[in-house]
Amino acid sequence: MKLIRAADYLPSPEELQKQQEIMASSADPFSALLFSDERDTILYGIFGDVPDYTNPEMEMIWDEVLDAEPEDVYEYCFKKGIDLFQDDGRPVSPWRDIAVMLKAIDKGILRLVK
């Protein structure tokens, strides 16, 4: 099995700075607070999408992941082929979102397009 390293999808420092500059000069200054470039970059890089938490089924999966022990979530994602950890040993920020996407695929709510 090929292991996907989530940290490989982190934006570079240059990309982060550029995104922050764009958001800071935005017509809506609060959008900079809501924009999670690291989360979106990683999720789009791995799955090509982000979780739709307006979907009640996805919300239920989020609750399931939130209630789980972090170590169990890390192990689940690793068994599914995604390494959540950065070089410094910390998980990437959207580690729970990654688990939600994987569980949604397992439950048939989402499907991967090949």
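In this text, all values refer to a predicted model and were calculated from it rather than measured experimentally. (Residues numbered from 1 in each chain as written. Predicted model: local features only at pLDDT ≥ 70, side-chain atom pairs only at ≥ 80, totals over all residues. Heavy atoms only, no water.)

Chemist: So what's going on with the nonpolar core? Which residues, and what values?
Modeler: Counting residues in each nonpolar core, the largest one holds 23 residues, and the members touching the most others are Phe47, Cys77, Ile82 and Ile98. Those elements that place two or more of their residues in this core are α3 (37–47), α4 (56–67), α5 (70–79) and α6 (95–106). Tallying contributions element by element places α6 first for this core, with seven residues. Among residues more than four places away in sequence, those in contact with Ile82 are Leu3, Ile4, Ala6, Ile46, Phe47, Cys77, Ile98 and Leu102. (Core = buried A, V, L, I, M, F, W, Y, C linked by side-chain atoms within 4.5 Å. Buried < 20%, exposed > 50% of the residue type's maximum accessible area, 1.4 Å probe, protein only. Helix = DSSP H or I, 4+ residues; strand = E, 2+ residues; numbered from the N terminus. Contact = heavy atoms within 4.5 Å.)

Chemist: Please set out the side chain of Asp97 residue by residue, giving values where relevant.
Modeler: By the secondary structure assignment, Asp97 is in helix α6. In this structure the side chain of Asp97 is engaged in a polar contact, spanning 3.3 Å, whose partner is the side chain of Arg39. Once you skip the residues sitting within four places of it in the chain, Asp97 turns out to touch Arg39, Leu43, Pro51, Tyr53 and Trp62. (Polar contact = N/O pair within 3.5 Å; in protein donor to acceptor, adjacent residues only side chain to side chain.)

Chemist: Lay out the packing of aromatic side chains with the relevant residues and their values.
Modeler: This model, assessed by the stated rule, comprises three aromatic pairs. On the basis of an interplanar angle of 65° and a centroid distance of 5.4 Å, the ring pair of Tyr53 and Trp62 is categorised as edge-to-face. Ring plane angle 75° and centroid distance 4.9 Å describe the contact between Tyr74 and Phe85, whose orientation is recorded as edge-to-face. Taken together, the residues span a long stretch of sequence, with Tyr74 in helix α5 and Phe85 in the loop between β2 (82–83) and α6 at a distance of 11 residues. Accessibility expressed as a relative area gives 28% for Phe85, which makes it partly exposed. A network of ring pairs unites the aromatic residues Tyr74, Phe85 and Trp95 as a single cluster. Sitting above the plane of the Tyr76 ring, Lys103 keeps its charged end 4.2 Å from the centroid. (Phe/Tyr/Trp six-rings, centres within 6.5 Å; stacked < 30°, edge-to-face > 60°. Lys NZ or Arg CZ within 6 Å of the ring centre and 35° of its normal.)

Chemist: Describe the packing of α5 against α6, listing the residues and the values that go with them.
Modeler: One can describe the packing of α5 onto α6 by two numbers: an axis separation of 10 Å at closest approach and a directional angle of 55°. Classified by the angle between their axes, α5 and α6 sit oblique to one another. As α5 packs across α6, the resulting crossing turns out to be left-handed. Facing Pro70, Val73, Tyr74, Tyr76 and Cys77 of α5, the residues of α6 in contact are Trp95, Ile98, Ala99, Leu102, Lys103 and Asp106. A breakdown of the residues in the contact of α5 with α6 according to their chemical character gives nine nonpolar, no polar and two charged. (Axes fitted to C-alpha atoms, helices over the stretch in contact; angles between N-to-C directions. Parallel < 35°, antiparallel > 145°, perpendicular 65-115°, else oblique. Left-handed = near helix turned anticlockwise from the far one by under 90°. Nonpolar A, V, L, I, M, F, W, Y, C, P; charged D, E, K, R; others polar.)

Chemist: Describe the side chain of Arg39, listing the residues and the values that go with them.
Modeler: Inspection of the secondary structure assignment puts Arg39 in helix α3. Those residues in contact with Arg39 that lie beyond four places of it in its chain are Val50, Pro51, Tyr53, Ser93, Pro94 and Asp97.

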